[in-house]
Structure formats: structure tokens, C-alpha cells
Amino acid sequence: MVVVANRLPVRRVERDGEMHWDLSPGGLVSALTPALAGRPVMWIGWPGGGVEMIVPAQHAGIELRPVPLDDAEFEEFYLGFSNATLWPLYHDAVRSPAFHREWWYAYVSVNDRYARAVAEAAAPGATVWVHDYQLQLVPKMLRAMRPDLRIGFFLHIPFPPQELFLQLPWRRPVLEGLLGADLVGFQVQGAASNFSRVARRLLGASGTDTVLDYDGRQVRVGAFPISVDTAALIKRASDPAVQARARQLRDELGSPEVVLLGVDRLDYTKGIDRRLIAIGELFADGSLTRSRAVLVQIAVPSREDDPHYRQEREHLEQLVGEVNGSYSTVGHPAVHYLYQSVELDELVALYLAADVMLVTPLRDGMNLVAKEYVASRVDASGALVLSEFTGAAQELRDAILVNPHDLDGLKTAIRHAVGLDPNEGTARMRRMRRVVRRHDVQAWAKSFLAALHDGGGHGVAPPDPG
Ligand code: ADQ
């Protein structure tokens, strides 16, 4: 089994004055470990840092094969084509995508390097699982080099409707790249249908939204909604030390009646500004008062080399400043804003401390934060305000669903969540907890790999939320 992803699953950390390698927290590693049941795994990806970055050959039983990027490739392939062309285009063009030919050439050349690395390393007949928008050309390139391999591809972000996808000057090679896989998986059925439709229209593929005939082969297409490590989150949330930390957090916040929480990578797709504007207006009209309510907003630093992300950070910090300038009292800010990553125990303590979780992206493939909040609410209390434009909204139907573009609607939803009758809140949370218990990240990985192997499978529908 070979996993191919933009990043290797390890990170460099300092412990006791020395540098060590650790597995990156969460994510694909914990998803894949149980599904692989002890089979050997090789992981191919960028180690982070410049070309001189040396990684161990193996870590935690995973064989690591680094694909280095030089400074120009980091600029053109990663910051450019991946994050300034594909990322905004695939997220409903909420920012204008930039199209530059040099970025595209770098994308082709880095995808080719990945494909070669896999072709050299994979055992005969191996299963290869390629991840995400940075590597869409790899399936076709790899099939040409190694037709014996079984190739799966999973897209973690949305696949846009054809009106948007057709803007991409390199739309045909991107589609052909994906169609090199045996199975192409998406977060939700809508994305799978967008892909199949555009493959039929542009490339003349025939077939349905679940099986396409193209180039003399069958390519299966399906929705495989990703999830969280529910058991691990429940274990942490049940730990008395984590629960004590949650109580301590509430004390440190000044024991307000209502703690509202936002946790996001700092990204313009996450709708953090909408949320801050809505909160500001709720303080302004007296629906929220500083003595009753506090918002904690954690923003993880992300893509700091990109000027759009630096601008977004400035914009958000200005909004936080405006709300705090008007509604804080000395020693008691209305908004506690942290621009930093937090450890998992602290994150779960924050989820436990929060009465209302605000997840308001303008577009999001899935959104794991929403599912992590639900999995952590072991006493079935708490309310989730969730954007309709997340993949998670298709499964978590008992959240308070909102359109984040509609500020009045967002304010109504937050008021609703703050004033939710506890019995109704518990009933809703119980139903949402059933969804994340039945469909966790291990089930996700297993269902994708089973569909890739059995050849006849058609992907899985999201679990029945009832
Ligand atoms: P992301 O856009 O990164 O992922 P998300 O699904 O919310 O978005 O995952 C973020 C992860 O980072 C969560 O596990 C969360 O706990 C963690 N995180 C957030 N803030 C943190 C903080 N301050 N400190 C530490 N950890 C923090 C992409 C897609 C999503 C899709 C995922 C998985 O954009 O739509 O759900 O991949 O497929």
C-alpha cells in the first residue's frame, strides 16, 4: 500500500532541547492505521522545508519517501497553482483564481516527480492511494508508467460545478489526470456528480455518476465523506484532567453564561469574518452582553507566505479589534482571539467548554471541526451552528444550519443556539453523535479501500442521519 499526499505524515518537534520527528497529529495516519490492519505502508510526500530537508527512512512503521521541492517550485506549484489557482476555483471562486502558465508548468513537473517516485517504489500490483488537489495529474501519469497498480484518488476539497471548472485553462489535462485512477472519491455526492458531468461533457466519457467509461476503461466515482477518530475524541473528552481543564477555561474566561467558540485554519473560505461581524452586531443590539457571553476564536496560522492570507489575517484582526474596542470591559474582552495552533487535549477542553460552536465556511469540502465538536460533547449538551456550504451539513442535519452570506440569518441562528431549550439541544446532539459514532474516520478509510479493491463497489452514501 502506498499513500501519496502533498505532505509526509511527520513533523519536526523540539523535546528536552533536542529535535525529534513525531507523527503529525490527527489526519490521515489515524484514519489509515486500523484500515490497513498491519499491512506495510509507504508514504510519499513533501517533507516541508527546502531541498536539504532530511527525513528518517521509516517512522512508526511507515516507510517515508520524501519528494523535495525547490524554492521556485514552492512558489509556483504550491503557493501558485495549488493555493492561488485551484484552491479558490474549487471553493466557489470566493476569491478570484489566478491563472499563470508558469504555475501550470511547475504543477505538471512536480506531479510528474511524484508519479516517478511512486513508480520506482511501489511493489508489483500494489494499491496506491493519491490524495488531494495538489496531485490531480498523478493517477494518469502513474498508470502510464505502472499499469499493474491499483490507483485510488480522493479529493478532500469540493469539486466545483462545471460553470466554474470550465474557467480552468488546463481543464482537460486535469480531468484526464483524475480519470487515470480506478476509483475517484469525493466528500459528497454533489461533487462526484459535478465531476462526472464535466467528464461527459468535455471528454466524451459515457456512463453514470457512479461509473464512467473512458479511454477503454471503467472509472468508478463516488462519495466517501471523511470523518474523525470518534473513539479517540470520546476518550480524551472523558478524561477527568481534560474536563477539569474545560472548567478552568470557563473560569479564566470570567465564568460567562455562554461561551461561543470558533476553531479554523486562518483561511478566507472559513467565513471567520462573517462570524465576527454577526457577533459584533449581536453585541450592538444587546442580544449578547459582555457579562453574559464571550467568543473564543482560535485561528491556526496557515499559508503565511501567501499575501492573500496575510491580508485576511489583518482583516480579521481589525474586526476583532473593533468588536473588542466597543464591547469589552477592562480585563474582560468580548472576543478572545488566538492566532496559534493548540494541542489536541487543549482543543478538546475548548470543545467541552463551549456552549455554542460556530462553523461558518463559505464553502468547505467536509469540515472536521464540526464533527470533532460533536464527538467531544460526551454529555450530549451544546449547540452547533453550521454552514449549509460544508460537506458536514449533509450529515449533521440536527445542527442549526445557516447561510453565512446572510448576516441576519446568521444572527438569528446564533440567537437560536444561545437560547436553545436544553431538552431540544440534547435531542439534537444525541442524533448528531449517533452519526459520528456510526461513521468515523476508520470506517471512511475502510469503505474507500474496499470500493477500490472490490471493483464492483460504487462508493458509499453518507450514513443515514436518523
Ligand atoms: P481543512 O481546510 O484544514 O481541511 P478542517 O476539516 O476543518 O479543514 O480540518 C482542520 C483540522 O485542523 C481539524 O482536525 C482541526 O482540529 C485542526 N485544527 C483547527 N484549528 C486548530 C488549532 N488552532 N490548533 C490545532 N488544530 C487545529 C481540508 C478540507 C476540509 C476537509 C479536510 C479533511 O478543506 O473540508 O474536511 O481537509 O478531508
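None of these values were measured; they are calculated from a predicted model. (Residues numbered from 1 in each chain as written. Predicted model: local features only at pLDDT ≥ 70, side-chain atom pairs only at ≥ 80, totals over all residues. Heavy atoms only, no water.)

Q: How should the pairing of strand E3 (residues 18-23) be read in this particular structure?
A: When strand E2 (residues 10-15) meets E3, the two strands line up antiparallel, connected through six bridges. For valine 10, the partnering residue across the bridge sits in E3 and is leucine 23. Between the antiparallel neighbours E2 and E3 lie two residues, among them aspartate 16 with a positive phi of about 50 degrees. (Pairing = 2+ DSSP bridges. Helix = DSSP H or I, 4+ residues; strand = E, 2+ residues; numbered from the N terminus.)

Q: How should the side chain of serine 227 be read in this particular structure?
A: Considering the arrangement of structural elements, one finds serine 227 in the loop between strand E12 (217-223) and helix H8 (230-238). Accessibility expressed as a relative area gives 2% for serine 227, which makes it buried. A polar atom in the side chain of serine 227 sits 2.7 Å from the backbone oxygen of histidine 439. (Buried < 20%, exposed > 50% of the residue type's maximum accessible area, 1.4 Å probe, protein only. Polar contact = N/O pair within 3.5 Å; in protein donor to acceptor, adjacent residues only side chain to side chain.)

Q: Just to check I follow, could you spell out the packing of helix H9 (residues 240-252) against helix H12 (residues 344-353) for this structure?
A: How two helices sit against one another is set out by the angle between their axes and by the gap between those axes. H12 packs onto H9 with a crossing angle of 60 degrees between their chain directions and a minimal axis gap of 8 Å. Regarding the angle of H9 to H12, the classification is oblique. Two packed elements cross with a definite hand, and for H9 against H12 that hand is right-handed. Together, Val242, Gln243, Arg245, Ala246, Leu249 and Arg250 of H9 and Asp345, Glu346, Val348, Ala349, Leu350, Leu352 and Ala353 of H12 make up the contact between the two elements. Residue composition of the contact of H9 with H12, grouped by class: eight nonpolar, one polar and four charged. (Axes fitted to C-alpha atoms, helices over the stretch in contact; angles between N-to-C directions. Parallel < 35°, antiparallel > 145°, perpendicular 65-115°, else oblique. Left-handed = near helix turned anticlockwise from the far one by under 90°. Contact = heavy atoms within 4.5 Å. Nonpolar A, V, L, I, M, F, W, Y, C, P; charged D, E, K, R; others polar.)

Q: So what exactly am I meant to see when it comes to the site of the ligand here?
A: For the ligand, the set of nearby residues contains 21 residues, the closest of which are His156, Val342, Asp364, Leu368 and Glu372. Between the ligand and histidine 156 there is a distance of 2.7 Å, counted from an oxygen atom to a side-chain nitrogen or oxygen. One of the backbone nitrogen or oxygen atoms of asparagine 367 is found 3.0 Å away from an oxygen atom of the ligand. For the ligand, the protein covers 82% of the area, taking 710 Å² as the surface of the free molecule. For the shell around the ligand, the secondary structure elements donating two or more residues are strand E13 (258-265), strand E14 (293-300), H12 and helix H13 (368-376). For the shell around the ligand, the leading source of residues is H13, giving three residues. In terms of domain composition, the shell around the ligand takes at least three residues from each of domain 1 (2-226 + 442-454) and domain 2 (230-438). (Near = heavy atom within 4 Å. Areas by Shrake-Rupley, 256 points an atom, 1.4 Å probe, with all protein chains shown as cover. Domains from an automatic or database assignment.)

Q: What's the story with the confidence of the model for the protein chain in this structure? I'm lost.
A: The predicted structure's coordinates, where accompanied by low pLDDT, should not be read in detail. Chain-level statistics for the protein chain give a pLDDT mean of 93 and a share of 96% at 70 or above. pLDDT under 50 marks residues 456-466. Its contacts with residues more than four places away, or in other chains, come to 25 contacts. (pLDDT = per-residue confidence, 0-100.)

Q: When you look at a positive patch on the surface in this model, what are you seeing that I'm missing?
A: A cluster of basic residues, Arg430, Arg434, Arg437 and Arg438, forms a positive patch at the surface. Structurally, the position occupied by arginine 438 is in helix H15 (residues 422-438). Residue classification places arginine 438 among the partly exposed positions, given a relative accessible area of 46%. (Patch = residues over 30% accessible without salt bridge, like charges linked within 9 Å, V, L, I, M, F, W, Y side chains within 5 Å. Salt bridge = Lys/Arg side-chain N within 4 Å of Asp/Glu carboxyl O. Lys, Arg positive; Asp, Glu negative; His and termini not counted. Charge placed at Lys NZ, Arg CZ, Asp CG, Glu CD.)

Q: Explain the pattern of salt bridges to me, please; I cannot follow it from the model alone.
A: The tally for this structure, following the rule as stated, stands at 26 salt bridges. When the shortest N-O distance is used, the salt bridge between aspartate 355 and arginine 250 registers 3.0 Å. Remark: arginine 250 occurs in helix H9 and aspartate 355 occurs in the loop between H12 and strand E16 (356-359); sequence separation between them is 105 residues. Put simply, arginine 303 and aspartate 267 hold a salt bridge, and the shortest N to O gap is 3.7 Å. With arginine 303 in the loop between E14 and helix H11 (307-327) and aspartate 267 in the loop between E13 and helix H10 (272-284), this residue pair connects regions lying 36 residues apart in the sequence. With respect to burial, arginine 303 and aspartate 267 carry one shared label: buried.

Q: Before we go on, may I ask you to explain the sheet that holds strand E4 (residues 41-46) in this structure?
A: Note on sheets: strands pair through backbone hydrogen bonds, and any given pair is parallel or antiparallel. The strand order across the open sheet formed by ten strands is E5-E6-E4-E1-E7-E8-E9-E12-E11-E10, and the pairing between neighbours is mixed. Two strands bound the open sheet, and with one partner strand each, they are strand E5 (58-59) and strand E10 (206-207). Bridge count between strand E1 (residues 2-7) and E4: four bridges; the pairing is parallel. Along E4, the bridge assignment pairs valine 2 with methionine 42.

Q: Looking at this model, I keep getting lost on the packing of aromatic side chains. Mind explaining?
A: We describe a pair of aromatic rings using the distance from one ring centre to the other and the angle between the two ring planes. Under the definition given, this model contains 24 aromatic pairs. Judged by centre distance (5.8 Å) and plane angle (75 degrees), the rings of phenylalanine 159 and phenylalanine 186 are edge-to-face. Of this pair, phenylalanine 159 sits in the loop between strand E8 (150-154) and helix H5 (162-165) while phenylalanine 186 sits in strand E9 (residues 183-186), and the two are 27 residues apart along the sequence. Like phenylalanine 159, the residue phenylalanine 186 is buried in the burial classification. Positioned above the aromatic ring of tryptophan 87, the side-chain terminus of arginine 303 is 4.1 Å from the ring centre. Over the aromatic face of tyrosine 339 sits the side chain of arginine 313, whose NZ or CZ is 3.7 Å from the ring centroid. (Phe/Tyr/Trp six-rings, centres within 6.5 Å; stacked < 30°, edge-to-face > 60°. Lys NZ or Arg CZ within 6 Å of the ring centre and 35° of its normal.)

Q: How should I be thinking about empty space enclosed by the protein in this particular structure?
A: It is a probe the size of a water molecule, rolled over the atoms, that shows where empty space is left. This structure, assessed with the given rule, holds one cavity of 30 Å³ or more. The space that makes up the largest cavity amounts to roughly 40 Å³. No other element matches the four residues that H15 contributes to the lining of the largest cavity. (1 Å grid on protein atoms, 1.4 Å probe; cavity = no way out; pocket = protein on both sides within 12 Å on 5 of 7 lines; lining within 4 Å. Points joined across faces, edges and corners; volume = space filled by probe spheres on them.)

Q: Hey, could you run me through H11 in this one?
A: Each turn of an α-helix holds 3.6 residues, which means side chains three or four residues apart point in the same direction. Across its 21 residues, H11 extends 30 Å between first and last C-alpha, which sits within 8% of the 30 Å expected from 1.5 Å per residue. Among the residues of H11, those classed as buried are Tyr309, Glu312, Leu316, Leu319, Val320, Val323 and Asn324. Across the axial projection of H11, the buried residues extend over an arc of 130 degrees, all falling on one side. The exposed set on the far side of H11, more than 90 degrees from its buried face, consists of Glu314, Gln318, Gly325 and Ser326. Packed against the buried residues of H11 are helix H2 (71-90), H10 and strand E15 (335-339). Looking at where H11 begins, the residue whose side-chain oxygen comes 2.7 Å from the main-chain nitrogen of histidine 308 is aspartate 306. (Expected span 1.5 Å × (residues − 1). Arc of directions from axis to C-beta.)

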